[in-house]
Amino acid sequence: MKQTDARPGGARWVEAARSAKAWLSKPTDAQLEVVRQAALSMNDVVPEAQREAWQKLLRGLDRQDDPKRRERIEALVRACALFGNKTSTPKQNTKSSQKPGTGGNPSDAELPALTWQDSVDRLPGIGPTLRSTLEELGIVAIADLLFAFPTRYDDRRAPLSISDAIAFTKKEGNHDQRVVISAVVESSSVVPMRGRRAVRLVLRDGGTKLHAWWFFMAHGPLAIAKAGVTILLSGKLGLDEKKPPRIIHPEIALDLPENRTVVPVGPRLGAPPKLIRKAIAHALMSGVKIPDPIPAKIAAREKFPPLDALLRETHFARDAAGAPIVPSIETRRSALERMAWVEAFTRARERQQGEAEGGKATALGLPIDRAASARLVAELGFTLTPAQKKAISAVSADIVKEKPMRRLLLGDVGTGKTAVALAAVAQCVAAGAQAAILAPTTILAEQYMDAVAPLARATGAAIAMVGSGAKSTEKKKLEESLANGSIAVAIGTHALFRESVRFKKLGLVVVDEQHRLGVAQRLALSKKKGDSSLQPHLLTLSATPIPRSLALALRGELATSHLAERPKGRPPVKTEIVSRENIAAVVTRIREACARKERVFFVAPRIEVDAEDDTTDPSYGATLRAKELAQLVAPVKVVLVHGAMPQAERMAAMRAFRSGEAQLLVGTTVIEVGVDVPQATLMVIDGADRFGLAQLHQMRGRVGRGDRPGVCILMHDEPMTDVARKRLQILEQNADGATVARADLELRGAGDLGGTRQSGVEEELIYLDPANPPAWLARIDQDARAIDKSDPGLTQAAHLALAHFVKSVERALIVRAEAG
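Residues numbered from 1 in each chain as written. Predicted model: local features only at pLDDT ≥ 70, side-chain atom pairs only at ≥ 80, totals over all residues. Heavy atoms only, no water.

**Student:** Any chance you could break down helix H14 (residues 370-380) for me, citing the residues and the numbers?
**Tutor:** Looking only at H14, the buried set comprises Ala372, Leu376 and Leu380. For H14, the buried positions fall inside an angular range of 75 degrees around the axis, keeping them on one side. In this structure, H14 carries Arg370 and Ala378 as exposed residues pointing more than 90 degrees from its buried face. Buried-residue contacts for H14 involve helix H16 (417-430) and helix H18 (453-459). Phi turns positive, to about 80 degrees, at Gly381, one or two residues after H14. (Buried < 20%, exposed > 50% of the residue type's maximum accessible area, 1.4 Å probe, protein only. Helix = DSSP H or I, 4+ residues; strand = E, 2+ residues; numbered from the N terminus. Arc of directions from axis to C-beta. Contact = heavy atoms within 4.5 Å.)

Next comes the structure, spelled out in structure tokens:
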């Protein structure tokens with residue numbers, strides 16, 4: 001009878017599902033045949049009502065080159081789960097047979113124990129669609145998901161009332177803090193908004209109201225928030241005297257005892273956070289053992305805590321009584337440090353392998369042409385500082401040799417790194433070789449096209465920009481000119497990495513603002529040397545202070561030059577902190593500067609603000625601000641520059657600003673790096689409290705680059721948090737980039753644990769903090785060499801986890817590089 005066959009049938013359904021999932025993870029013809037045979041063997045246990053549909057599904061699997069094969073096998077997995085449940089015995093549905101976290105699904109209970117290498121779709125709630133989404137984010141295996149550490153924790157154990165939350169937010173320093181609120185739902189509604197629909201909840205706590213908004217059709221809140229129900233909301237509270245207090249896109253849950261807990265909130269992974277938390281909890285409760293990616297001897301030497309306990313504490317910390325708590329800063333930092341070590345190892349290994357390829361390589365010796373150097377200095381039109389002369393001499397001596405130069409040039413904003421780079425390029429082209437200048441942004445690449453004009457006049461070199469927006473015919477002609485050597489200097493961004501870009505005789509590569517570009521990219525560019533067996537020299541420039549241990553471990557530049565002084569006649573830029581309420585006075589300052597025939601930058605934090613976003617003042621958008629200022633400062637011409645503009649429009653706006661046709665440039669942070677207009681004397685940064693200190697220091701450096709003093713006005717909103725005020729005061733009181741970086745580190749302390757910094761010294765870094773390099777970083781180079789010597793392919797059992805996470809880091813770096 002069916003009752004006696006139920007248990008074997010359930011196990012067989014599980015086995016059929018496993019074979020189908022294996023094909024979905026790695027589709028091969030051999031595995032497809034396993035799936036077919038397993039499915040055929042199930043004919044005798046398929047429910048009678050579904051047998052015809054099952055046979056149709058099997059016939060589909062027999063078709064060659066079936067475009068719907070993946071969909072059919074996904075349907076097969078679902079059918080196995082459905083039929084497996086129907087054929088399970090009552091005994092299997094008892095609580096004693098359930099594993100923690102399985103949700104009582106007997107099919108799941110019969111699956112083999114989870115391993116760290118299993119696909120994430122072995123976890124509850126993660127199907128084929130979500131698996132694909134996670135794969136795009138680099139989360140393929142269960143181990144990847146467990147290493148997606150929480151970025152914050154919402155403590156729901158003692159939620160606030162609406163009135164208490166308002167009082168908390170109004171206190172000095174709490175303006176930007178998240179709150180957890182318990183309140184009763186008064187009403188919920190769908191609000192039409194310009195072609196889309198938003199969801200609004202009105203909540204009440206005594207006589208105080210709160211509006212919760214989701215600016216998309218959010219079915220979850222509508223399903224939970226019925227009138228009269230008490231709910232928990234987690235998010236930032238927005239206060240406006242003219243509107244009810246509001247909270248935008250909060251996390252929501254029913255106010256039940258089991259929901260009054262500590263909730264870890266991780267990075268956005270394209271799925272409801274609750275679902276991701278459930279999957280992670282299931283993996284941890286199932287006892288998944290993840291080998292430590294750091295070899296045991298190294299982990300012991302560096303005193304890293306045990307990984308198993310660390311993962312549990314990071315995701316679901318408990319006190320001695322088993323109650324949930326927010327994990328300590330030390331625990332969270334230790335978790336991130338695990339991946340910081342893997343990242344450092346990956347970079348050191350990548351660099352070592354690249355250097356090994358060209359370790360015995362020779363370079364083209366570029367003899368000094370003193371006449372060309374003298375002509376360049378004359379064309380530059382200013383006197384070089386002693387530091388510039390020293391750096392030029394060091395670089396010149398390096399590139400004369402037949403050993404590839406690897407030199408790092410450090411210099412604060414405005415110390416004249418470009419002049420040093422141009423001197424090296426002049427020596428290169430005077431020797432009959434080609435040079436490539438790699439910039440992180442199109443704006444900076446365009447800037448170089450103007451900056452190299454003295455070089456062109458001094459050497460007669462043909463110079464061209466390699467961009468991504470050129471027509472195919474122009475692109476082909478340009479690439480032919482590079483390949484035959486008729487173009488001596490190529491300037492570009494990531495377009496220089498195109499496979500079709502080749503040089504005839506590449507002698508020098510200059511990488512500007514190198515902190516945005518990885519080691520692999522620089523090595524890839526250095527290989528574009530045409531038929532020559534000689535390696536080009538490499539000069540990298542950075543405006544930010546970098547600890548020597550970081551430079552040596554990750555970059556390998558053994559030679560470093562410092563520009564520690566500004567050119568004569570350039571006093572430090574004066575910095576002022578001004579409330580946005582005083583915008584009228586700021587506009588007056590802009591008019592006065594323009595009346596003196598000076599140029600002005602005005603930086604906005606966003607391109608534009610969505611009309612439905614009632615949390616942000618629309619004037620924070622550069623587009624709207626440019627229109628407003630054009631009216632307020634007329635007849636002064638105003639131009640707009642931002643990253644979403646077509647390249648031709650952006651270039652035209654920059655040229656108008658540089659030439660003086662336009663005196664006021666309104667833009668976003670695309671002007672952060674490299675824009676050099678000597679006539680610019682005033683920089684206004686709107687919403688300065690929303691930017692990182694490194695960004696603010698870079699933008700401030702865009703003014704005062706000529707013979708007139710520069711002023712930077714930092715405009716902020718009210719109220720401003722204590723931390724934001726201190727950060728702006730650091731800039732107000734310090735002009736030196738190294739001092740600013742150190743002060744920023746002291747202010748951030750141990751609390752900056754987001755993992756991925758949105759702004760800072762090394763934007764290419766994921767987990768490493770260059771402002772606070774760990775002690776083990778000094779040993780990473782030696783560790784990477786030892787591991788590579790004993791196990792170059794990372795195939796030994798002790799290195800399997802390391803190999804897995806190295807691939808994850810490599811993929812993340814490639815994604816960042818492609819994002820530019």
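**Student:** Describe in detail the nonpolar core, supporting the description with residues and values.
**Tutor:** Counting residues in each nonpolar core, the largest one holds 53 residues, and the members touching the most others are Leu145, Ile290, Trp341, Phe345 and Trp776. Mapped onto this core, the elements with two or more residues apiece are helix H6 (128-136), helix H7 (142-146), helix H10 (273-285), helix H11 (296-301), helix H12 (307-315), helix H13 (329-357), helix H28 (777-790) and helix H29 (800-819). The element best represented in this core is H13, accounting for nine residues. Each residue touching Leu145, except ones within four places of it in the same chain, is listed here: Val120, Leu123, Ile126, Ile139, Leu269, Ile276, Ala279, Ile280 and His315. With 41 residues, the next largest nonpolar core counts Leu364, Ala421, Val425 and Val510 among its residues. (Core = buried A, V, L, I, M, F, W, Y, C linked by side-chain atoms within 4.5 Å.)

**Student:** So what's going on with a positive patch on the surface? Which residues, and what values?
**Tutor:** A cluster of basic residues, Lys56, Arg59, Arg63 and Lys68, forms a positive patch on the protein surface. The residue Lys68 is located in the loop between helix H3 (51-61) and helix H4 (69-86) in this model. (Patch = residues over 30% accessible without salt bridge, like charges linked within 9 Å, V, L, I, M, F, W, Y side chains within 5 Å. Areas by Shrake-Rupley, 256 points an atom, 1.4 Å probe, with all protein chains shown as cover. Salt bridge = Lys/Arg side-chain N within 4 Å of Asp/Glu carboxyl O. Lys, Arg positive; Asp, Glu negative; His and termini not counted. Charge placed at Lys NZ, Arg CZ, Asp CG, Glu CD.)

**Student:** Residues and numbers for the pattern of salt bridges, please.
**Tutor:** In the structure shown here, the tally under the stated rule is 29 salt bridges. A salt bridge links Glu135 to Arg131, with the nearest nitrogen and oxygen atoms 3.7 Å apart. Taken together, the positions of Glu135 and Arg131, both in helix H6 and four residues apart, correspond to about one turn of that helix. According to the relative accessible area criterion, Arg131 is buried, its value standing at 3%. For Glu598, the salt bridge goes to Arg708, with nearest N and O atoms at 3.0 Å. A residue pair is termed long-range when its members are at least 10 positions apart, and Glu598 in the loop between helix H22 (583-595) and strand E17 (599-603) and Arg708 in the loop between helix H25 (693-700) and strand E21 (711-716) qualify at 110 residues. Assessed through its relative accessible area of 7%, Glu598 is described here as buried. Look at the salt bridges and you will find they share partners, linking Arg301, Glu302, Arg779 and Asp783 into a network.

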